[in-house]
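# Close look at the chain arrangement
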Amino acid sequence: MKNFILFTALTLSLSALSQDVANDDLLNELEPDVSELLLDAPTGDETFSQTPPPEATVTEEEVVKVEEPLLPEVTPEEETPAPIMAEPEAPRPIPPPSRDSSFAVRGLVAENTSQQAVKQDDGKYNPRTGHWIGTMGFETTAYKLPFDYTGAKKTFKEEDRRLTGGRLGFGREAYLGAGFLVNARLEGYYMGTLFKSLETASPEFDDVTVAATKDTGQMFGGDAIGHFGWMFDYNTKNPFLGEMAYMAFELFVEAGIGRGKAINGKSYFFKAGVNEEYKVTFEDEFTTQIVSAGFNIHSRSSGSFLYVKASQVSQTISERKIRGSAIISNTPSTFKETISNPTSDPLTILSIGGGFKF
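Residues numbered from 1 in each chain as written. Predicted model: local features only at pLDDT ≥ 70, side-chain atom pairs only at ≥ 80, totals over all residues. Heavy atoms only, no water.

Looking now at the nonpolar core. Counting residues in hydrophobic clusters, the biggest one holds 25 residues, and the most contacted among them are Tyr143, Phe147, Met219, Tyr278 and Phe286. When contributions to this core are tallied by element, the ones reaching two or more residues are β1 (131-150), β2 (155-177), β3 (180-192), β5 (211-237), β6 (244-271), β7 (275-299), β8 (304-328) and β10 (347-357). Ranked by residues supplied to this core, first place goes to β7 with five residues. Excluding anything up to four places from it in sequence, Tyr143 contacts Glu159, Asp160, Arg161, Leu163, Met219, Ala262, Asn264, Asp284, Phe286, Gln315, Ile317 and Leu347. (Core = buried A, V, L, I, M, F, W, Y, C linked by side-chain atoms within 4.5 Å. Buried < 20%, exposed > 50% of the residue type's maximum accessible area, 1.4 Å probe, protein only. Helix = DSSP H or I, 4+ residues; strand = E, 2+ residues; numbered from the N terminus. Contact = heavy atoms within 4.5 Å.)

See the structure below:
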């Protein structure tokens, strides 16, 4: 009986000892840092060093309870946790536009509309900027010709030949500011005796085959023109549409030089009892110096304008060729000569026309 009791006590002590060893091993695995701290702590009290810590008597149930929170704290991998990749979020449904968003959309539309309006305004004609300019007009002048014929029925002396035609120009304009502007143009012109036909030479004869006269003439050339003007704005009512028209009135002066040629002639015959005839042609080559003054009426909403001007043209005829024939008192004659630098009077040219700036 004593042996049995001794064996039982020994068995219980061995199991308790094995349990303590297992618990110590588990604590060493779970909290290595704590055991190191305990080993490094000062040993001033013998009781403390000999007596095992309270944690050494932890029961199996307590070990199981402590095991769950301690594992994630002492795992080496948890000391530097790896970044956790977030799962992609599902696309969120677009909410219906609220009142605030509708206001924002309206503001954006209004801003775009205003920007388009600004672009359209920028594209409109602005009379106070530089432009290319084209002109077209009608003009007339009197060209002096030194006819010299004295017959029994008709006499011809110096004459101012009326020439009418048109002028085209193209150039570039620059705006200086304060209403002042300048432009430079190249112009070409042609004037002549338009729609002039054979006429009876004497009122007592209606048949032009008996007595007739005809004037022919033309003048053409090119000019380089400089323009200086000053304009101001004004408004007027359109008499046709009843709307307000926004205009600008410009006063200007011009100066230029040019070169041209004029060919003028006269043809006359009388064959009724008396035989008379006079045919002559004047061919002039000349240079010109031009001074002009006038005004323009501009449209401020488009590039169109209307101009009226008068020009004083000084001619320098380098050469005049004269050729023709005449019959006086049944005596025929021919003539041909060339005159260098003949004298000539200045020409006055009246012009009206318009143009477009772009």
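Attention shifts here to unusual backbone geometry. Positive phi, normally seen in glycine, also occurs at Ala178, with a value near 60 degrees. With respect to the helices and strands, the residue Ala178 is situated in the loop between β2 and β3. Ala178 gets classed as exposed once you look at its relative accessible area, which sits at 65%. The phi dihedral of Ser329 falls on the positive side, at around 55 degrees, and the residue is not glycine. On the accessibility criterion, Ser329 (57% relative accessible area) is exposed.

On to the pairing of β5. The sheet contact formed by β3 and β5 spans 13 bridges and is antiparallel. Directly across from Met191, in β5, lies its bridge partner Met219. In this sheet, β5 lies alongside strand β4 (residues 199-200) in antiparallel orientation, the contact comprising two bridges. Residue pairing across strands places Glu199 opposite Thr213, the latter belonging to β5. (Pairing = 2+ DSSP bridges.)

Glancing now at the side chain of Thr135. Mapped onto the elements of the fold, Thr135 is located in strand β1. Classification of Thr135 as buried rests on a relative accessible area of 11%. Sequence-distant contacts of Thr135, defined by excluding residues within four places in its chain, comprise Arg167, Leu168, Gly169, Arg185, Glu187, Phe305, Tyr307, Gly354 and Gly355.

Here we come to the packing of aromatic side chains. Evaluated as defined, the whole model comprises 13 aromatic pairs. Ring geometry for Phe147 and Phe282: centres 5.5 Å apart, planes at 70 degrees, overall edge-to-face. Of this pair, Phe147 sits in strand β1 while Phe282 sits in strand β7; the two residues are 135 residues apart in sequence, bridging distant segments of the chain. The same class applies to Phe147 as to Phe282, namely buried. These aromatic residues form a ring-pair network of at least three members: Phe180, Phe228, Trp230, Phe232, Phe249 and Phe295. Above the ring of Phe147, the side-chain terminus of Lys266 is found at 5.2 Å from the ring centroid. Just above the ring of Phe305 sits the side chain of Lys357; from NZ or CZ to the centre is 5.6 Å. (Phe/Tyr/Trp six-rings, centres within 6.5 Å; stacked < 30°, edge-to-face > 60°. Lys NZ or Arg CZ within 6 Å of the ring centre and 35° of its normal.)

Let us look at the environment of His298. Relative to the assigned elements, His298 resides in strand β7. Between the C-alpha atoms of His298 and Ala248, which are 50 residues apart in sequence, the distance is 4.9 Å. Those residues in contact with His298, other than ones at most four positions away along the chain, are Met231, Tyr246, Met247, Ala248, Glu250, Ser304, Phe305 and Lys357. A distance of 3.5 Å separates a polar atom in the side chain of His298 from a polar atom in the side chain of Lys357. (Polar contact = N/O pair within 3.5 Å; in protein donor to acceptor, adjacent residues only side chain to side chain.)

The next point concerns the pattern of salt bridges. Overall, the coordinates contain 19 salt bridges when judged by the stated rule. For Asp215, the salt bridge is made with Lys266, and the minimal N-O distance between the two is 2.7 Å. In this pair, Asp215 sits in strand β5 while Lys266 sits in strand β6, placing the two residues 51 residues apart along the sequence. Like Lys266, Asp215 is buried. Look at the salt bridges and you will find they share partners, linking Glu139, Arg167, Arg185, Glu187, Asp223, Glu254 and Lys309 into a network. (Salt bridge = Lys/Arg side-chain N within 4 Å of Asp/Glu carboxyl O.)

Right, let's talk about the confidence of the model for the chain for a bit. When pLDDT is low, close inspection of the predicted coordinates is not appropriate. Residues at a pLDDT of 70 or more form 62% of the chain, whose mean pLDDT is 77. Helix α3 (residues 46-50) is the least confidently modelled element of the chain, averaging 43 in pLDDT, while β3 averages 97, the highest of any element. Considering only residues more than four positions removed or in separate chains, one finds that residues 60-72, a stretch of pLDDT under 50, has seven contacts. Contacts from residues 74-78, a stretch scored under 50 in pLDDT, to residues over four places away or in other chains number two contacts. (pLDDT = per-residue confidence, 0-100.)

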